[in-house]
Amino acid sequence: MEILKPRAANWLDTYGPQAKHNIAESYVEPLTIRELMALSEGADSEAFLSAMMDTKLDYGEIDGSRTLRDAIAGFYRQKDADNVMLTHGAIASNYITLFGLLSPGDRVVTTHPNYQQLYAVPQAFGVDMTLLELRREDGYLPNLDALRRAMDGGCRMLILSNPNNPTSSVMDRDYLEKVVEAAREAGAYLLCDEIYLGYPRGGVELARVADLYEKGISTGSFSKVYGLSGARVGWIVASKAVMESLGPYRNYTAICCGQLGDAVASLAMKSFDKLMARNEAIVQENLAYLQSWLDKTPAVTCDIPSAGTFVLLRYDRPMSSEELCSGLFEETGVFIMPGSCFDMEGTLRLGIGGDPEHFKAGLAGLARYLDRTTGGQPHES
């Protein structure tokens, strides 16, 4: 297994900018500054523009603005700004946490498949890593008995993503509490990348590990469910003791998240309900189309998750996922992420937050390509 080569990022860099229809991205269709301002009240928009024109481009507040940290703390129970550290996206949040709390030889358990950073970086730090394989028969949720065995005798850190990337499996509150109890028994920190936690469906109750566990560390950002990936603002939420431990590591990796990103994210929080309504409407429209598309596309199956902004497709063609995705792109200009990037051959990761017109066109192109690979009849678009 390659440790540091970022496979998914390489595919996105290579194919994303050239794609006619990009259905690989896992974020909601990004907003322009103009669109974000339109969601806000007039006074907020005018104040934002005025503040931007008068902003001196120094570091600003090293910890980030109190206004934004207070707003992010509002996502959590019994947390305040002192429990929030701003970073350059969740990728920096994860890195700072791993860098600050892990040392060579530490016992670490990580689920697999997972976002590559969450196992590659700890391995690069020289930890004693156990990969806990997620199985479809378990709903791609951590098997609790196997989890306890993996952490038996003590464990420095358990690392998860919820929803899981790439399977899109979701641990609801009840399940997550059981995972927390296993981590508590082992004395482990519990780092959970919660960047896709949003838009709960089917009445599922979601929770964040920082709310459930004294050694729980939640990471997130404005990139995925909020549609502001270009702002590059992420966060860590944890106890004040953890914040104190991680502070020096933040200072030597990023020092601050930057005033411009802070200002954009702060504006978004002022119109949070409108922003979420806009983004959720996109996801729901795409999900409705996907469900009808699946009914007409027997070569592909999918379990619709109860949260998140992507799904995992399974296909029945005798070709690798990279062959399928490369051929699809060359013939149609449609880009979708091969499951091989996550060690899940025979699957494709589909973003469900993109522009609906591109989403529908991309799925139509995928269906036609799958039909041609078997010589079947043209697919109904």
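Right above here is the structure, for reference.
Thresholds applied
- Residues numbered from 1 in each chain as written.
- Predicted model: local features only at pLDDT ≥ 70, side-chain atom pairs only at ≥ 80, totals over all residues.
- Heavy atoms only, no water.
- Helix = DSSP H or I, 4+ residues; strand = E, 2+ residues; numbered from the N terminus.
- Buried < 20%, exposed > 50% of the residue type's maximum accessible area, 1.4 Å probe, protein only.
- Areas by Shrake-Rupley, 256 points an atom, 1.4 Å probe, with all protein chains shown as cover.
- Lys, Arg positive; Asp, Glu negative; His and termini not counted.
- Charge placed at Lys NZ, Arg CZ, Asp CG, Glu CD.
- Pairing = 2+ DSSP bridges.
- Contact = heavy atoms within 4.5 Å.
- Axes fitted to C-alpha atoms, helices over the stretch in contact; angles between N-to-C directions.
- Right-handed = clockwise from strand over helix to strand, strands pointing away.
- Core = buried A, V, L, I, M, F, W, Y, C linked by side-chain atoms within 4.5 Å.
- Salt bridge = Lys/Arg side-chain N within 4 Å of Asp/Glu carboxyl O.

A. Representation of the overall build of the protein in the model. The helix and strand inventory of the protein stands at 14 helices and 13 strands. Within the span of the protein, comprising 381 residues, buried residues form 57% of the whole. Just so you have it, the protein exposes about 15,900 Å², and 50% of that area is on carbon and sulfur atoms. In the protein, which carries 35 positive and 50 negative side-chain charges, the distance between the mean positions of the two groups comes to 1 Å.

B. Representation of unusual backbone geometry within the structure. Along the chain, Asn162 connects to Pro163 via a cis peptide bond; the corresponding omega equals -5°. Here Pro163 shows up in the loop between strand 5 (157–161) and helix 8 (173–186). Cis geometry is adopted by the peptide bond preceding Pro166, which originates at Asn165 and carries an omega value of 25°. By the element assignment, Pro166 lies in the loop between strand 5 and helix 8. We note that Ser168 has phi near 65°; this positive angle belongs to a residue other than glycine. Among the structural elements, Ser168 can be located in the loop between strand 5 and helix 8. With a phi close to 60°, Ile255 is a non-glycine residue in the positive phi region. Its place among the elements puts Ile255 in the loop between helix 10 (240–251) and helix 11 (259–270). Judged by its relative accessible area of 26%, Ile255 falls in the partly exposed class.

C. Representation of the sheet that holds strand 9 (residues 300–302) within the structure. Within the open sheet, the four strands sit side by side as 9-10-13-12. Their pairing is antiparallel. Two strands lie at the open edges of the sheet, namely strand 9 and strand 12 (337–338), each paired on one side alone. As paired strands, strand 9 and strand 10 (residues 310–315) are joined by three bridges and run antiparallel to one another. Looking at strand 10, one finds that Val300 is bridged to Tyr315. The sheet contacts of helix 14 (residues 356–374) involve strand 9, strand 10 and strand 13 (347–351), and relative to strand 13 the element is tilted by about 160°.

D. Spotlight on the sheet that holds strand 3 (residues 107–112). Across the sheet, seven strands lie side by side as 2-8-7-6-5-3-4; this open sheet has mixed pairing. The open sheet has two edge strands, strand 2 (84–87) and strand 4 (128–133), and neither has a second partner. Within the sheet, the average angular offset between the axes of one strand and its neighbour, ignoring direction, is 20°. The sheet contact formed by strand 5 and strand 6 (residues 189–193) spans five bridges and is parallel. The partner of Met157 across the bridge, within strand 6, is Tyr189. Strands strand 2, strand 6, strand 7 (216–221) and strand 8 (234–237) of the sheet are contacted by helix 10, whose axis makes an angle of about 20° with strand 2.

E. Inspection of the pairing of strand 4 at higher detail. In this structure, strand 3 lies alongside strand 4, joined through six bridges in parallel fashion. Bridge pairing links Val108 to Met129 in strand 4. Regarding topology, helix 6 (residues 117–124) serves as the crossover connection from strand 3 to the parallel strand 4, and that connection is right-handed.

F. Focus on the nonpolar core. Ranked by internal contacts, the top residues of the largest apolar core, which has 70 residues, are Ile72, Phe222, Trp235, Leu290, Leu313 and Leu366. The greatest single-element share of this core, amounting to nine residues, is contributed by helix 12 (residues 272–295). One finds Met171, Val179, Ala188 and Tyr213 within the second-largest nonpolar core, a separate group that totals 26 residues.

G. Up close: the pattern of salt bridges. What the rule picks out here adds up to 17 salt bridges. Put simply, Asp63 and Arg250 hold a salt bridge, and the shortest N to O gap is 2.9 Å. Of the two residues, Asp63 is situated in the loop between helix 3 (42–54) and helix 4 (66–73) and Arg250 in helix 10; the sequence distance between them amounts to 187 residues. The exposure class assigned to Arg250 is buried, which follows from its relative accessible area of 5%. Arg208 is the salt-bridge partner of Glu194, the closest N and O atoms lying 3.9 Å from each other. With Glu194 in the loop between strand 6 and helix 9 (209–212) and Arg208 in the loop between strand 6 and helix 9, the pair connects residues that are 14 residues apart, well separated along the chain. The two residues Glu194 and Arg208 agree in class, both being buried. Look at the salt bridges and you will find they share partners, linking Arg66, Asp70 and Asp82 into a network.

H. The environment of Tyr249, seen in detail. By secondary structure assignment, the location of Tyr249 is in helix 10. The exposure class of Tyr249 is partly exposed, given its relative accessible area of 29%. Linking Tyr249 and Tyr95, residues 154 residues apart in sequence, is a C-alpha distance of 9.4 Å. With residues near it in sequence (within four places) discarded, Tyr249 still touches Ile96, Phe99 and Gly100.

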